[in-house]
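# Coordinate analysis (summary)
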Amino acid sequence: MSEEYDAIVIGSGPAGATVSGLLAKWGRRVLALEKEKFPRYHIGESLVPGCMPILEELGVASIVEASGATKKYGISFIWGEDPDPWSVDFDEICPHPYAFEVKRAEFDSLLLANSRTLGATVIEEAAVRDFVFEDGRCTGVRYTRGRSDTVTEARARFVIDASGQAKLLARRFGTVAWHDDLKNLAAWTYFQGGSRLEGRKAGNILVETLHPGWLWLIPFSDGSCSVGFVAPAEEYKATGLTPEEVLKSKIDEAALVKRLLKGAVEVAQVRTAKDWSYTGERMTAPGCLMTGDAAAFIDPLFSTGVMLAMRAATSAARAVNAILDRPEDEESIRQGYETSYREFLDVVLSFVRFFYDPSKKVIEYFEEARKLVDPDEALAARQDFVALISGLYGIEPIMEGVPPAPMAAVAD
Ligand SMILES: Cc1cc2nc3c(=O)[nH]c(=O)nc-3n(C[C@H](O)[C@H](O)[C@H](O)COP(=O)(O)OP(=O)(O)OC[C@H]3O[C@@H](n4cnc5c(N)ncnc54)[C@H](O)[C@@H]3O)c2cc1C
């Protein structure tokens, strides 16, 4: 059996749901295929304000707000030469003074349901097994449903891979390029109770350095929190301990995370994930493109994953929409998408690498952010830092006087 669509989107995480939702909203016939039955667990719970304009465009910002999700007004760190905690607030630059800490099972379900509301045909428990290529052009996919072995072929004028770290297309092309200096491992769990940072900082993610790794603490509105440790895989191995034991010992070694967890009860099993950063050597080919984690993954130090996925997916939706209107321009539109996405990723990646050295003065981190995003010094260096880590870098008019970020330049 064969079906024909304008676009097929593989995966309905934040990237897939954004691309399907937007294309459907713009009147395109979209088939979204998601391997899992939602709600499903996912890591990546701390959002940054760069997600907010996209949630608004999708029409779900008010629903997330009404869900009672914790408001995250900024980020708190124990990082750098000085051991004292320091924080930045998003409203130092952003018209979106807060983002949210979300349980991804709920957040992703909302986005998937919203793609349906916007008109996409979304099939859950539909696993894409293979791509259809004809004369070098991707023209569809083959998928199976649930436990059935029956293969269905679906065809479309364009295919978007938003399969997350499964990175179906990149693996098919053999184009995954790992960043050897960011081969980390993450171990995390959940606690109920304990205390929070004071005042408006209560909803902040806390990032505490334990060189060569770091701990996160993400507070949720139900009184629970997620706590994880990220470090080079080699570092875990060298301890001779299990990841569970490493996480416990690091919490014990920490200053502020340990204090906030006093009296808290661990309520989940420790989970682990290979946390290796990569960028695809190519992100598009005739008839298809990759977006979100399927295209690239950057270490979660600044909680930028969902923002990058949603911003890239927005650019992808614009690019595909333009290709469907002007197929004769496909190559240059795809190239524009890929070039601008890559440039944006390079900025974030370069800053993550700089920040990973926790021996610097805080002002040095701010100045590095300025070098990367605001070389003409239109803003204060601290504001450049906030703009960069909030994911709002380049979104006008937030950074008035600063040239738009590469990804803002993708063709409409
Ligand atoms: C340890 C760790 C901590 C993190 N913390 C944060 C954080 O605090 N904040 C943040 O913003 N980001 C964080 N991230 C990153 C974040 O998890 C991802 O960047 C984000 O989920 C990417 O969204 P996506 O839509 O590209 O992929 P995903 O959210 O992974 O969605 C991909 C979807 O594709 C589906 N799929 C896969 N294969 C197939 C197939 N064959 N057929 C059909 N469907 C398929 C999957 O089931 C999934 O639902 C973290 C990552 C790690 C590893």
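Nothing here was measured: the structure is a model prediction, and the numbers come from that model. Each chain carries its own residue numbering, running from 1 in the direction its sequence is written. Local features in a predicted model are, by the rule used here, given only for residues with pLDDT of at least 70; side-chain atom pairs are given and counted only at 80 or more, and totals for whole chains, interfaces and linings are based on all residues.

What follows deals with the site of the ligand. Nearness rests on one distance test: the residue's C-beta atom, set from the backbone, must lie within 6 Å of the molecule or strand. Taken together, 38 residues form the shell around the ligand, and within it Gly13, Gly44, Gly164, Gly292 and Gly305 come nearest. Note on conventions: DSSP H or I runs of at least 4 residues are helices, E runs of at least 2 residues are strands, and numbering of each starts at the N terminus. A total of four residues in the shell around the ligand trace back to one element, the largest contributor, which is helix H9 (residues 305-325). Three classes are used, and their members are as follows: Ala, Val, Leu, Ile, Met, Phe, Trp, Tyr, Cys and Pro are nonpolar, Asp, Glu, Lys and Arg are charged, and the others, Gly among them, are polar. Tallied by class, the residues present in the shell around the ligand amount to 18 nonpolar, 14 polar and six charged. Here the limits of each domain have been adopted from an automatic or database domain assignment. Inspection of the shell around the ligand shows a minimum of three residues originating in each of domain 1 (2-72 + 96-175 + 277-358) and domain 2 (180-276).

Attention now moves to the pairing of strand S2 (residues 30-34). Across the five residues of S2, five count as buried, placing the element largely inside the fold. What you see with S2 is no split at all: Val30, Ala32 and Glu34 on one side and Leu31 and Leu33 on the other are buried throughout. Around each residue's C-beta, the other C-beta atoms within 10 Å are counted; 20 or more make the residue buried, 12 or fewer make it exposed, and counts in between make it partly exposed. All C-beta atoms are placed from the backbone.

Domain parsing of the chain yields domain 1 (2-72 + 96-175 + 277-358) and domain 2 (180-276). Centre-to-centre, using C-alpha coordinates, domain 1 lies 28 Å away from domain 2. Each partner contributes residues to the interface: domain 1 has 17 residues there, and domain 2 has 17 residues. Where the side of domain 1 that touches domain 2 is concerned, the elements lending two or more residues are strand S3 (70-72) and strand S16 (271-280). Sort the elements by how many residues they give to the side of domain 1 that touches domain 2 and S3 lands first, with three residues. For the side of domain 1 that touches domain 2, the per-class residue count stands at five nonpolar, five polar and seven charged. A pair of residues counts as a contact when their C-beta atoms, built from backbone coordinates, are separated by no more than 7 Å.

Taking 1.5 Å of rise per residue, twelve residues should cover 16 Å, and helix H11 (residues 362-373) covers 17 Å from first to last C-alpha, within 8% of that figure. For H11, the complete set of buried residues consists of Tyr365, Glu368, Ala369, Arg370 and Val373. Looking at the buried side of H11, the elements it contacts are helix H10 (330-355) and helix H12 (381-389). One less than the residue count of a helix, multiplied by 1.5 Å, gives the span that helix is expected to have.

Time to look at the pairing of strand S4 (residues 74-78). Counting buried positions along S4 yields four of five residues, so the element is predominantly enclosed. Note on pairing: DSSP must find at least two bridges between two strands before they are called paired. Bridge count for S4 against strand S5 (residues 86-89) is four bridges, and the pairing is antiparallel. Looking across to S5, one finds that Ser76 is bridged to Ser87. Where S4 meets strand S12 (residues 205-210), four bridges bridge the pair, whose relative direction is parallel. When the sheet's bridge partners are listed, Ile78 is paired in S12 with Glu208.

Below, the discussion takes up the nonpolar core. Among buried residues, those of type Ala, Val, Leu, Ile, Met, Phe, Trp, Tyr and Cys that are joined through C-beta atoms within 7 Å form a set called a nonpolar core. Counting 130 residues, the largest nonpolar core has Ile8 and Ile160 as its most contacted members. Per element, the largest residue contribution to this core is 13 residues, and it comes from H9. Lining this core are residues from two domains, each supplying at least three of them: domain 1 (2-72 + 96-175 + 277-358) and domain 2 (180-276). Residues in contact with Ile160, not counting those within four places in the same chain, are Ala7, Val9, Ile10, Val19, Leu289, Thr291, Ala316 and Val320.

Close contact between helix H1 (residues 14-25) and helix H4 (residues 104-117) brings their axes to 8 Å; oriented N to C, the two are set at 25°. When the interaxial angle is binned, H1 and H4 end up roughly parallel. Taken as a pair, H1 and H4 cross one another with a handedness that is left-handed. Residues Pro14, Ala17, Ser20, Gly21 and Ala24 of H1 form the contact with H4, whose participating residues are Asp108, Leu111, Leu112, Asn114 and Ser115. Residue composition of the contact of H1 with H4, grouped by class: five nonpolar, four polar and one charged. An axis is simply a line fitted to the C-alpha atoms; with a helix, the fit covers only the stretch in contact. Between two such axes, the angle follows the N-to-C directions and lies from 0 to 180 degrees. Here the word oblique covers every angle except those under 35 degrees (roughly parallel), over 145 (roughly antiparallel) and from 65 to 115 (roughly perpendicular). What makes a crossing left-handed is the near helix being turned counterclockwise from the far one by less than a right angle; a clockwise turn instead makes it right-handed.

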